[in-house]
Amino acid sequence: MIAMNKHYGELQDSYLFYHIGQKVKAYEKEHPGVPLYRMGIGDVTLPLCSQVIRALHEAVDDQAVKERFHGYMPECGAPFLREVIAGHYGKRGVALSQKEVFISSGASDELGDLLDLFGRESTALVLEPAYPAYVDASILAGRNVLHLASGRENGFLPEPEKGLKADLIYLCSPNNPTGAVFSRNQLQSWVNYANQTGALILFDAAYEAFIEEPGLPRSIFELDGAKTCAIEICSLSKTAGFTGTRLGYTIIPKALEREGMNLNAMWVRNRTTKTNGVSYILQKGGAAVFTPEGQKEIQENIGVYKKNAKVLMKVFDQVGLWYCGGKNAPYLWLECPKGMKSWEFFDYLLREIQVIGTPGAGFGSCGEGYFRFSTFGSPEDTVEAARRLEKLLE
Ligand code: PLP
C-alpha cells in the first residue's frame, strides 16, 4: 500500500475565508437586496494597464506567425524579462545579473516550491500575524514550524530574540495582514541574525510597490550582507493587477551558499526538472510593466488604492482607533474598539453597517482583537464604507 503524506492531517482547516463566506451568505439570505461593502478582499479590482494589454495582444499575434512563434520557453525565464527585471533593481541601486532573476507563475507557487532546497530537518520560523501560506506550505513539506508573535508594542515588526533558533525565516514587508513595513535597521537585524547563524531568509516582497516613504527598504538586497542569506519572492499580482494573469519573479543571488551548495545553481536544476517555463505571452505582458509607460500606468492604479487607504485612515484617526499600515501597504490593521474580539467586530460591522472586513484572529493567535481592512475595493464602496464606519464608531 502506498504511504501517504500524513502532514495533510496536521493542516488546520482554512476556516477564515470559508467562515466569512458562510456568514455573508447567511446575512444575504436574511436581507435580500441589501448592499454589502466588501473591504476584506485581497484581490485587486482594477484591470491590467493598457501597456500590458497591448503587449499581451502583440504576443498572441506572434504565436500566429511561423517566424515569431515561440514554443517552450527557458525554464528559468525569458532572457528579455530577466534582463529588464535585473535593470529595474539596478535603478534602485541593487546590482543583479539576469541569472539571479527567476521568472515564476506567482509568489504562492514559489513559497511552496522553494522548500525543495532545504532539508526536511530544517525548522521554519513564521512571524505572526502572517499570510497563512507560510505555515501551510511548511507543514505540507514536513517542516517543524516555530511561531514568533508580534503586537502593538513592537508595531507588529518583531526582531530576532536572544536564543532564537530558526533555519528558514519567512519575512513579509510590507506585511499582509498588518501593512507594517520593516525599517532598514529592523531588517538589518534579521540579515545579521541569518548571516551569523547560517539561517536563510525567504523575503516576501509581494507589496513592495506600495512603499512610498523614502528610506524604507523595498528589497532585502538593499541591505548589507543580504546576498549571502536571502531569497526574495516578488509578484506582479498586486503591483500590476496580475492576480488572474499570473506572473512573478524570485531573486536568488549567486553568492548564496549553504553547506557548500550553491542555491542559485540548485534552483536552476530544480526549475529545469519541475517546470517548462512560464508562457511567452505572459512574459511579454510582464515585460511591459517595467517600461517607463508601464511603470507610470501601474503607479496610477496603485494611486487609486492609496486614495482608498487615505479615506479609511482619516476615519480611524478621527474616531481615535489604533491602526498600522495603509501608508506603505494596501492593508490597514485596526485594533477592534471597546475590547471586542475579531469575530465579534466582524459580526457587529456586518449587522450594523454591512461592511465586511477580515478578522485578525485568522492570521495567527496574536491577531485576536485586531481586524484587517483592504484598500483594493472600488473608491465608491470605500467612501461609503468609511462614511458608515465613522457614523458607527464615533
Ligand atoms: N505573498 C503575500 C504576502 C500575499 O498576500 C499574496 C497574495 O495575496 C501572495 C504572496 C501571493 O501572490 P501571487 O498572486 O503572486 O501568488
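Residues numbered from 1 in each chain as written. Predicted model: local features only at pLDDT ≥ 70, side-chain atom pairs only at ≥ 80, totals over all residues. Heavy atoms only, no water.

A.B. asks: Got a minute to help me understand the overall build of the protein chain in this structure?
C.D. replies: The secondary structure content of the protein chain amounts to 12 helices and 15 strands. Over its C-alpha trace the protein chain gives a radius of gyration of 21 Å, about what one expects of a compact globule, namely 21 Å for 394 residues. The principal-axis extent of the C-alpha atoms belonging to the protein chain is close to 60 × 55 × 55 Å. Looking at the protein chain as a whole, 54% of its 394 residues qualify as buried. In the protein chain, the proportion of contacts linking residues at least 24 apart, taken out of those at least 6 apart, comes to 72%. Within the structure as shown, the protein chain displays about 17,900 Å² of accessible surface, and the carbon and sulfur contribution to it stands at 53%. One way to put it: in the protein chain the 41 positive side-chain charges average out to a point 1 Å from where the 46 negative ones average out. (Helix = DSSP H or I, 4+ residues; strand = E, 2+ residues; numbered from the N terminus. Rg over C-alpha atoms; globule rule 2.2 N^0.38 Å. Buried < 20%, exposed > 50% of the residue type's maximum accessible area, 1.4 Å probe, protein only. Contact = heavy atoms within 4.5 Å. Areas by Shrake-Rupley, 256 points an atom, 1.4 Å probe, with all protein chains shown as cover. Lys, Arg positive; Asp, Glu negative; His and termini not counted. Charge placed at Lys NZ, Arg CZ, Asp CG, Glu CD.)

A.B. asks: What am I meant to see in helix α10 (residues 292–319) here?
C.D. replies: An α-helical turn contains 3.6 residues, so a residue and the one three or four places further along point in the same direction. Compared with the 40 Å implied by 1.5 Å per residue over 28 residues, the 40 Å span of α10 between its first and last C-alpha is a close match. Residue G320 follows α10 closely and has a positive phi angle near 75°. (Expected span 1.5 Å × (residues − 1).)

A.B. asks: Is there a simple way to think about the environment of S235 in this case?
C.D. replies: Along the chain, the position of S235 falls in strand β7 (residues 230–235). A relative accessible area of 5% places S235 in the buried class. As for S235 and R218, which are separated by 17 residues in sequence, their C-alpha atoms are 13 Å apart. Residues within four places of S235 in sequence aside, it is in contact with A107, A206, L247 and G248. In this structure the side chain of S235 is engaged in a polar contact, spanning 2.9 Å, whose partner is the backbone nitrogen of S237. (Polar contact = N/O pair within 3.5 Å; in protein donor to acceptor, adjacent residues only side chain to side chain.)

A.B. asks: Looking at this structure, I do not really get the sheet that holds strand β15 (residues 370–374). What am I missing?
C.D. replies: Across a sheet, paired strands are connected by hydrogen bonds in the backbone, their directions being either parallel or antiparallel. If you walk across this open sheet you meet the 4 strands as β11-β12-β15-β14, and the pairing is antiparallel. Edge positions in the sheet fall to β11 (323–325) and β14 (358–359), since each has one partner strand and no second. Summarising the sheet, strand β12 (residues 331–335) and β15 pair through 5 bridges and their orientation is antiparallel. Residue pairing for β15: L332 is matched across the bridge by F373. (Pairing = 2+ DSSP bridges.)

A.B. asks: Would you mind showing me how to read the packing of helix α11 (residues 342–353) against helix α12 (residues 379–393) here?
C.D. replies: The description of two helices packed together rests on the angle between their axes and the distance between the axes. Packing of α11 against α12 brings their axes to within 11 Å, and their N-to-C directions diverge by 105°. Accordingly, the angle class assigned to the pair α11 and α12 is roughly perpendicular. Counting all contacts with α11, which are made through F345, Y348, L349, E352 and I353, the residues of α12 involved are R388, L389, L392 and L393. Taken together, the residues that form the contact of α11 with α12 break down as 7 nonpolar, no polar and 2 charged. (Axes fitted to C-alpha atoms, helices over the stretch in contact; angles between N-to-C directions. Parallel < 35°, antiparallel > 145°, perpendicular 65-115°, else oblique. Nonpolar A, V, L, I, M, F, W, Y, C, P; charged D, E, K, R; others polar.)

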